[in-house]
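Listed below, chain by chain, are the residues.
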Amino acid sequence: MEALIPVINKLQDVFNTVGADIIQLPQIVVVGTQSSGKSSVLESLVGKDLLPRGTGIVTRRPLILQLVHIDSEDCRKTSEENGINGEEWGKFLHTKNKTYTDFEEIRQEIDAETERISGNNKGVSDEPIHLKIFSPHVVNLTLVDLPGLTKVPVGDQPKDIELQIKELIYKYISNPNSIILAVTAANTDMATSEALKVAREADPDGRRTLAVVTKLDLMDAGTDAMDVLMGRVIPVKLGIIGVVNRSQLDINQKKMVTDAIRDEYGFLQKKYPSLANRNGTKYLARTLNRLLMHHIRDCLPELKTRINVLAAQYQSLLNSYGEPVDDKSSTLLQLITKFAAEYCHTIEGTAKYIETTELCGGARICYIFHETFGRTLESVDPLGGLTTIDVLTAIRNATGPRPALFVPEVSFELLVKRQVKRLEEPSLRCVELVHEEMQRIIQHCSNYSTQELLRFPKLHDAIVEVVTSLLRKRLPVTNEMVHNLVAIELAYINTKHPDFADACGLMNNNIEEQRRNRMRDLPSAVPRDKSLKGPGGQSLSPTELLALEAEATKAAAGGSQSGSEQTDGATGTWRGMLKKGEDGAAADRATLQHPLPASPQRGHAVNLLDVPVPVSRRLSAREQRDCEVIERLIKSYFLIVRKNIQDSVPKAVMHFLVNHVKDCLQSELVGQLYKAGLLDDLLTESEDMAQRRTEAADMLKALQKASQVIAEIRETHLW
């Protein structure tokens with residue numbers, strides 16, 4: 001057991017050399033309000049006057065004090081070997097190997113070091129002073145003396161001095177491996193103790209808090225600390241120990257610490273005879289030693305694991321920094337080749353570092369093709385932006401001045417091209433998304449796959465520039481190809497396409513069925529024979545049949561003409577023609593009196609000088625049928641083209657952009673960067689890389705040494 005505290009002291013030394021506090025070592029932290037007697041307690045434990053004393057704030061930097069017990073014989077040998085006069089001496093970390101045998105010098109050095117960092121006007125700093133005391137009269141302990149809790153700033157102290165000191169204290173006592181020594185003056189109320197309050201916040205269970213009551217001799221006459229020391233006022237799990245410090249007069253008169261401890265023992269025997277053997281400085285030292293040893297025993301297995309884990313982490317970190325470059329030419333070629341290979345592997349999905357949080361590389365490109373692009377095309381309505389009036393207008397414009405007997409094909413071509421053109425924008429957007437993902441792969445390879453590139457920022461920037469330039473050159477070529485794919489579909493409307501022919505056949509059957517249904521619903525004035533006859537008994541041609549059907553449909557829909565007029569119009573008699581002629585002359589006269597608009601509507605005469613108001617009208621049966629035919633044809637052909645585009649655009653992007661970049665990347669990088677004149681510039685390490693490598697190597701060495709120190713402990717020492 002006794003070997004454990006020196007082991008922790010050795011570990012403290014190991015990590016102090018590299019200035020790291022990554023390992024939380026077991027230690028005793030002294031906490032209390034200003035002038036509550038913290039430094040006096042530490043001096044009593046050491047048995048020497050070595051700490052700055054006085055009124056107000058004296059301790060202004062954390063003091064890590066290691067007490068090392070050495071036997072008198074070992075002390076004599078060490079003194080002879082090192083030329084030290086005396087059996088007690090001290091060493092500071094910041095003065096390296098200098099040994100102090102005069103404890104007055106130690107106090108002056110603490111004062112000087114405090115002023116060097118914190119200034120000479122009450123300023124506070126969190127940078128610790130490390131002091132090691134070797135003596136046969138001390139027990140093995142590691143103690144931390146902290147600035148006292150204060151409320152009001154004085155001197156050069158900032159306004160938030162209370163907060164700063166609290167944060168400094170929490171930094172040490174929040175370490176789960178530390179024991180908290182809460183110091184409270186006996187002449188104050190225990191319930192108002194700031195030290196116990198702070199300790200309870202960091203250690204709610206009280207498993208590592210020991211209370212010390214100082215200044216027992218300064219209590220008011222007629223009062224004592226019996227209830228406080230017995231734990232009746234505020235119980236503390238690890239106990240409450242009372243001590244008597246030297247007064248300022250004793251210090252001024254150079255009263256020895258040994259004399260003060262003797263007087264303390266006499267005071268306790270007189271005032272608290274029943275508690276004398278469980279209070280006092282000597283009992284406090286033994287208790288702290290026992291607590292610290294048991295605490296270290298409990299912490300050591302976890303400490304060993306932590307050191308091993310950190311050693312592995314720093315070894316990995318050192319490996320990532322790489323060795324200093326000897327052969328620059330081969331290193332450059334190796335890095336370029338590795339980056340190109342990682343870039344291609346990320347696209348193919350065979351990369352060593354696979355992203356688990358989001359899609360990346362080839363998987364992302366696949367998602368763009370089949371999810372983003374595919375769904376976007378499917379969301380495009382074949383008849384989007386196309387109203388029935390638009391279709392009807394296109395049909396009428398395609399016929400010119402002549403009324404049409406059949407639906408003109410030109411209107412279908414014009415309208416279907418307009419719809420197919422809408423597929424170009426999502427196709428070009430697909431190229432843009434793939435291009436963006438190819439850019440993101442560069443960053444992915446830099447961050448995860450090629451750690452060596454981070455050593456050489458100029459090489460990294462040059463590689464990014466070359467790859468970005470290559471992608472930029474391929475983007476217009478790919479866009480041109482995708483544009484051409486849509487242009488090819490627009491160039492020739494293939495109405496003989498097998499899928500389109502099947503759709504047309506099915507549609508014609510539906511239209512024929514609808515025509516038969518309408519013929520059955522015609523009025524009796526129109527003959528229903530299968531072979532319709534004209535006035536001379538001859539069969540009507542298909543054109544005449546269509547005209548007859550249109551007239552009959554108008555009659556069925558409640559047209560304005562009478563039945564006799566329909567008969568005359570249908571049979572083509574002179575009487576009917578004359579009648580129509582008269583009607584035409586009357587219509588001409590009406591036209592002269594009231595000029596008709598450009599798109600005439602029967603029964604509506606509009607003055608050209610008036611503001612035109614759009615007039616909605618009901619489509620005739622034939623107009624409705626023609627529009628339906630065109631819309632169905634457009635939809636059928638659009639779906640065929642959309643299917644082609646959905647298949648051909650990803651193939652074009654893969655060939656012209658993705659595969660081309662994969663094939664040409666390495667040759668492009670070598671051609672642009674593998675030049676003798678660029679070697680030194682490209683392989684210049686970042687400024688802090690060498691420093692970080694040195695720091696990592698030092699820390700790894702310290703961790704390995706710490707691991708050896710712990711390994712030297714025999715298992716029997718743990719129990």
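The structure under discussion appears in the preceding block.
Bear in mind the structure is a predicted one, so any value in this text is a computation, not a measurement.

Rules of the game
- Residues numbered from 1 in each chain as written.
- Predicted model: local features only at pLDDT ≥ 70, side-chain atom pairs only at ≥ 80, totals over all residues.
- Heavy atoms only, no water.
- Helix = DSSP H or I, 4+ residues; strand = E, 2+ residues; numbered from the N terminus.
- Areas by Shrake-Rupley, 256 points an atom, 1.4 Å probe, with all protein chains shown as cover.
- Expected span 1.5 Å × (residues − 1).
- Buried < 20%, exposed > 50% of the residue type's maximum accessible area, 1.4 Å probe, protein only.
- Arc of directions from axis to C-beta.
- Contact = heavy atoms within 4.5 Å.
- Pairing = 2+ DSSP bridges.
- Axes fitted to C-alpha atoms, helices over the stretch in contact; angles between N-to-C directions.
- Parallel < 35°, antiparallel > 145°, perpendicular 65-115°, else oblique.
- Left-handed = near helix turned anticlockwise from the far one by under 90°.
- Nonpolar A, V, L, I, M, F, W, Y, C, P; charged D, E, K, R; others polar.
- Core = buried A, V, L, I, M, F, W, Y, C linked by side-chain atoms within 4.5 Å.

A.B. asks: Is there a simple way to explain the overall build of the chain in this structure?
C.D. replies: Helices and strands together make up the secondary structure of the chain, namely 23 helices and nine strands. In the structure as shown, the chain presents an accessible area of about 39100 Å², 52% of it carried by carbon and sulfur atoms.

A.B. asks: Please explain helix 9 (residues 257-271) as it appears in this structure.
C.D. replies: Owing to its 3.6 residues per turn, the α-helix brings residues three or four apart onto one side. The terminal C-alpha atoms of helix 9, which comprises 15 residues, lie 21 Å apart, in line with the 21 Å expected from a rise of 1.5 Å per residue. The set of residues buried in helix 9 consists of Val 257, Ala 260, Ile 261, Glu 264, Phe 267 and Leu 268. Burial along helix 9 is one-sided: seen end-on, the buried residues are contained in an arc of 120 degrees. Pointing more than 90 degrees away from the buried face of helix 9 are the exposed residues Thr 258, Arg 262, Tyr 265 and Lys 270. At its buried positions, helix 9 is contacted by helix 2 (38-46) and helix 10 (281-321).

A.B. asks: For this particular structure, what's the right way to read the pairing of strand 1 (residues 27-32)?
C.D. replies: Regular strands show a simple pattern: their side chains alternate between the two faces of the sheet. The buried fraction of strand 1 is high, at six of six residues. In strand 1, alternate side chains face the same way, and those of Gln 27, Val 29 and Val 31 on one face and Ile 28, Val 30 and Gly 32 on the other are all buried. Taken together, the six bridges between strand 1 and strand 7 (residues 178-185) define a ladder with parallel strand orientation. What sits directly across from Gln 27, in strand 7, is Ser 178. Where strand 1 and strand 6 (residues 141-145) come together, three bridges link them in parallel fashion. Within strand 6, the position partnered with Ile 28 by the bridge is Leu 143.

A.B. asks: Can you walk me through the packing of helix 13 (residues 388-399) against helix 14 (residues 409-421) in this structure?
C.D. replies: For any two helices packed against each other, the geometry comes down to the angle between their axes and how far apart the axes lie. Remark: helix 13 packs on helix 14, axes separated minimally by 8 Å, with the N-to-C direction vectors making an angle of 135 degrees. Between helix 13 and helix 14, the angle falls in the class oblique. Like other packed secondary-structure pairs, helix 13 and helix 14 cross with a definite hand, here right-handed. Where helix 13 abuts helix 14, its residues Asp 390, Val 391, Ala 394, Ile 395 and Ala 398 lie against Val 410, Ser 411, Leu 415 and Arg 418. Taken together, the residues of the contact of helix 13 with helix 14 break down into six nonpolar, one polar and two charged.

A.B. asks: For this particular structure, what's the right way to read the side chain of Thr 150?
C.D. replies: Following the sequence through the fold, Thr 150 ends up in the loop between strand 6 and helix 5 (161-173). A relative accessible area of 12% means that Thr 150 is categorised as buried.

A.B. asks: Would you mind going over the side chain of Lys 132 with me for this structure?
C.D. replies: Its place among the elements puts Lys 132 in strand 5 (residues 129-135). Lys 132 gets classed as buried once you look at its relative accessible area, which sits at 16%. Not counting chain neighbours up to four residues away, the residues in contact with Lys 132 comprise Asp 13, Gln 66, Val 68, Trp 89, Gly 90 and Lys 91.

A.B. asks: When you look at the nonpolar core in this model, what are you seeing that I'm missing?
C.D. replies: Nonpolar side chains in soluble globular proteins tend to be buried together. Residues Tyr 343, Leu 459 and Leu 669 are the most contacted members of the largest nonpolar core, which totals 68 residues. Among the elements of the structure, helix 11 (328-348), helix 12 (362-379), helix 13, helix 14, helix 15 (424-449), helix 16 (457-491), helix 21 (621-673) and helix 22 (679-682) are those that each provide at least two residues to this core. In terms of residue count, helix 21 provides more of this core than any other element does, 19 residues in total. Not counting chain neighbours up to four residues away, the residues in contact with Tyr 343 comprise Met 438, Ile 441, Ile 442, Cys 445, Val 467, Leu 471, Val 661 and Leu 665. Judged by nonpolar contacts, the second largest core, of 56 residues, contains Leu 45, Val 138, Ala 696 and Ala 706.

A.B. asks: Would you mind showing me how to read the packing of helix 10 against helix 23 (residues 689-711) here?
C.D. replies: Where helix 10 meets helix 23, the axes come as close as 9 Å, and the angle between the chain directions of the two elements is 150 degrees. In terms of axis orientation, helix 10 runs roughly antiparallel to helix 23. Relative to helix 23, the crossing made by helix 10 is left-handed. Across the interface between the two elements, Lys 304, Ile 307, Asn 308, Leu 310, Ala 311, Tyr 314, Gln 315, Leu 317, Leu 318 and Tyr 321 of helix 10 pack against Met 689, Arg 692, Arg 693, Ala 696, Ala 697, Met 699, Leu 700, Leu 703, Gln 704, Ala 706, Ser 707 and Ile 710 of helix 23.

A.B. asks: Got a minute to help me understand unusual backbone geometry in this structure?
C.D. replies: The bulk of non-glycine residues show a negative phi, and the bulk of peptide bonds are trans. Residue Lys 215 is not a glycine yet carries a positive backbone phi of 60 degrees. Relative to the elements of secondary structure, Lys 215 occurs in the loop between strand 8 (209-214) and helix 7 (226-229). With relative accessibility at 22%, the residue Lys 215 sits in the partly exposed group.

A.B. asks: Explain the sheet that holds strand 3 (residues 89-92) here, please?
C.D. replies: Two orientations exist for strands paired in a sheet by backbone hydrogen bonds: parallel and antiparallel. Spatially, 4-3-5-2-6-1-7-8-9 is the arrangement adopted by the nine strands of the open sheet, whose pairing is mixed. Two strands in the sheet have a free side with no partner beyond their single neighbour: strand 4 (99-100) and strand 9 (240-242). Sheet topology places strand 8 next to strand 9; three bridges connect them, and they run parallel. Bridge assignment links Ala 211 to a residue of strand 9, and that residue is Ile 240. With respect to the sheet, helix 5 is in contact with strand 1, strand 6 and strand 7, its orientation differing from that of strand 1 by roughly 155 degrees. Against the sheet, helix 6 (residues 194-202) makes contact with strand 1, strand 7 and strand 8, and its axis sits at roughly 160 degrees relative to strand 7, the strand it touches most.

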